[in-house]
Amino acid sequence: MMKVFIVGGAGKVARHLARILTARGHQPLSLYRRSEQADDLSALGAVPIYGDLTELSADDLSELMSGSDAVVFAAGAGGASYDLTNAIDGDGFRKSLHAAIRADVPRFLQISAFPEAGRNSEPQEGFENYMKVKKQTDSELAASDRDWVILRPGTLSDDPGTGKINAGLAIPYGDIPREDVALTLATILDMPRINRMILEVTSGDTAAEEAVARLSA
Ligand SMILES: NC(=O)c1ccc[n+]([C@@H]2O[C@H](COP(=O)([O-])OP(=O)(O)OC[C@H]3O[C@@H](n4cnc5c(N)ncnc54)[C@H](OP(=O)(O)O)[C@@H]3O)[C@@H](O)[C@H]2O)c1
């Protein structure tokens, strides 16, 4: 049984992840910031952990993470303002990584963004900043001493998951249901040999278990 601390635990991918981890016999610990989210998270089998990423100190966060086997960074400002992106996706990520190191949590998974994201439309300043912040935080995680995985999903949808994905170091761009991103994260967590890798993932034809297992072959 793994304890998995999910930063941004009330998010859409994070809720799927909590449910899938619970079904696999793991214990998700889901950081949330709105009181009305606690019951939903409990119903998914998660331990709801109250805290706002922008207000918690790294020490506080480290105490909350203590005893966890892995952290998944699933928080994000949702492409809101420049400042919020910097505060959540940027500084919130850094605080989470430092807290994980301080709490001696060995594994850290980051939900990042596909390099082609937004390339088919006119560049928007806020989105360009989001991409810059994600790349910067990816590089900080990759330089850390944790057992890290950076997962770069294509465009997220709320379609039901199919359980089938395409995953690789570099694959063509595409869409993917949030549920399948969560399944991919859970599958990676269950396969510790998938480590220190940047992976791209979209919908595909291969069962997630097999697709992820192939990456370590
Ligand atoms: N959209 C795409 O196509 C796409 C593609 C590739 C990657 N991604 C990445 O995938 C991530 C997950 O996607 P998603 O759809 O699951 O996102 P989401 O539903 O917007 O979840 C993000 C979570 O972050 C939380 N959060 C924001 N500010 C916070 C704070 N101050 N303290 C604590 N939590 C805070 C939000 O909390 P509340 O619930 O309280 O608002 C929300 O639950 C995104 O953040 C993005 O970086 C997105």
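What counts, and where the lines are drawn
Residues numbered from 1 in each chain as written. Predicted model: local features only at pLDDT ≥ 70, side-chain atom pairs only at ≥ 80, totals over all residues. Heavy atoms only, no water. UniProt positions renumbered as here; feature names shortened; annotations may be inferred. Helix = DSSP H or I, 4+ residues; strand = E, 2+ residues; numbered from the N terminus. Phe/Tyr/Trp six-rings, centres within 6.5 Å; stacked < 30°, edge-to-face > 60°. Buried < 20%, exposed > 50% of the residue type's maximum accessible area, 1.4 Å probe, protein only. Core = buried A, V, L, I, M, F, W, Y, C linked by side-chain atoms within 4.5 Å. Near = heavy atom within 4 Å. Polar contact = N/O pair within 3.5 Å; in protein donor to acceptor, adjacent residues only side chain to side chain. Areas by Shrake-Rupley, 256 points an atom, 1.4 Å probe, with all protein chains shown as cover. Nonpolar A, V, L, I, M, F, W, Y, C, P; charged D, E, K, R; others polar.

Participant: What should I look at first to understand the UniProt feature "domain: NAD(P)-binding" (unreviewed entry) in the protein in this one?
Facilitator: Per the UniProt record, "domain: NAD(P)-binding" (unreviewed entry) is annotated on residues 8-192. Each end of residues 8-192 is marked by a C-alpha atom, and these two atoms are 22 Å apart; helix forms 42% of the span and strand 20%.

Participant: Would you mind showing me how to read the packing of aromatic side chains here?
Facilitator: Two measures describe an aromatic ring pair: the distance that separates the ring centres and the angle between the ring planes. Applying the stated criterion to the full structure yields 5 aromatic pairs. Here the aromatic rings of F73 and F93 are separated by 5.4 Å at their centres, their planes lie at 80 degrees, and the arrangement is edge-to-face. One end of the pair, F73, is in strand β4 (residues 70-73); the other, F93, is in helix α4 (residues 82-102), and 20 residues separate them in sequence. Taken individually, F73 and F93 each receive the classification buried, so the pair is uniform in this respect. Ring centres of F127 and Y130 lie 5.6 Å apart, and the angle between their planes is 35 degrees; on these two criteria the pair is classed as tilted. Note that F127 and Y130 are positioned in helix α5 (residues 125-142) at a spacing of 3 residues, about one turn of the helix. Its relative accessible area of 29% is what places F127 among the partly exposed residues. Under the relative-accessibility criterion, Y130 is labelled buried at 19%.

Participant: What is the right way to look at the nonpolar core in this model?
Facilitator: Nonpolar side chains tend toward joint burial in soluble globular proteins. Counting 39 residues, the largest nonpolar core has L17, I165, L185, I188, L189, I194 and L199 as its most contacted members. If you tally residues by element for this core, the top one is helix α6 (residues 178-189), at 7 residues. Residues F73, A77, L97 and W148 belong to the second largest nonpolar core, which totals 24 residues.

Participant: Please clarify how the site of the ligand should be interpreted in this entry.
Facilitator: Taken together, 25 residues form the shell around the ligand, and within it V13, R33, D52, Y130 and R178 come nearest. A distance of 2.8 Å separates an oxygen atom of the ligand from a polar side-chain atom of R33. Contact between the ligand and A75: an oxygen atom at 3.4 Å from a main-chain N or O atom of the residue. Considered on its own, the ligand offers 910 Å² of accessible surface; in the complex 82% of this is hidden by protein. Of all the secondary structure elements, the ones that give two or more residues to the shell around the ligand are α1 (12-23), α4, α5 and β7 (155-157). Each residue belonging to the shell around the ligand can be placed in one class, and the counts come to 10 nonpolar, 8 polar and 7 charged.

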